[in-house]
Amino acid sequence: MATVFEVRDELREVVEPMIPPVSMPERQGRRPVPDRVCFDAIVFVLVTGIAWAHLPRELGCSGTTAWRRLRDWQASGAWERLHATLLDRLNAAGAIDWSMSVVDGSHIRALQGGPDRAVSG
């Protein structure tokens, strides 16, 4: 039996206001899995690296449901907002060692000094 995995309450308090509400269908049927349960399942998959299909049932959410919620939250910008908020908080607390950061500009065109490969010599 898998150990139940839960995200710490401090992180949940930061995340919950950023998550859009689940749209309730007009028809009868199963109630949506709570956001808290889905978030725990998503973080479990991201931390462990397991496949969505192998998500333990003890977490209370199927891999398909967790993946769909991840997709919806990504489309709403929730993950981007969470990332920016956590970076701001960690930076304010002095918990980020910026001396070890790397900026990759390989996708930016060299406007001056770079060879123009489109021009034939």
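Above this note sits the structure.
What comes next is a walk through the structure. Values in this document were obtained by computation on a predicted structure and should not be read as measured data.

Take the pattern of salt bridges next. Counted according to the given criterion, the structure contains 5 salt bridges. Among the ionic pairs, Asp35 bridges to Arg69, the shortest N-O distance being 2.7 Å. Here Asp35, found in helix α2 (residues 35–48), pairs with Arg69, found in helix α3 (residues 63–76); they are 34 residues apart in sequence, far enough to count as distant. In this structure, the salt-bridge partner of Arg71 is Asp72, at a minimum N-O distance of 3.2 Å.

For Arg69, a relative accessible area of 8% gives the class buried. Each residue touching Arg69, except ones within four places of it in the same chain, is listed here: Val22, Pro32, Val33, Pro34, Asp35, Cys38 and Ile42.

Tallied over the entire structure, the rule returns 0 disulfides. Cys61 supplies the cysteine sulfur nearest to Cys38, a cysteine that is in no disulfide, at a spacing of 3.6 Å.

Below, the discussion takes up the packing of aromatic side chains. For the structure shown, the criterion picks out 3 aromatic pairs. When the ring of Phe5 is compared with that of Phe44, the centres are 5.2 Å apart and the planes differ by 65 degrees; the resulting orientation is edge-to-face. One end of the pair, Phe5, is in the segment before α1 (9–15); the other, Phe44, is in helix α2, and 39 residues separate them in sequence. Exposure remark for Phe5: the relative accessible area of 24% places this residue in the partly exposed category. Between Trp73 and Trp79, the aromatic rings sit 6.4 Å apart at their centres with planes inclined by 50 degrees, giving tilted as the arrangement. Residue classification places Trp73 among the buried residues on the basis of a relative accessible area of 2%. According to the relative accessible area criterion, Trp79 is buried, its value standing at 17%.

Cut-off values and rules
Residues numbered from 1 in each chain as written. Predicted model: local features only at pLDDT ≥ 70, side-chain atom pairs only at ≥ 80, totals over all residues. Heavy atoms only, no water. Salt bridge = Lys/Arg side-chain N within 4 Å of Asp/Glu carboxyl O. Helix = DSSP H or I, 4+ residues; strand = E, 2+ residues; numbered from the N terminus. Buried < 20%, exposed > 50% of the residue type's maximum accessible area, 1.4 Å probe, protein only. Contact = heavy atoms within 4.5 Å. Disulfide = S-S within 2.5 Å. Phe/Tyr/Trp six-rings, centres within 6.5 Å; stacked < 30°, edge-to-face > 60°.

By themselves these figures say nothing about function.
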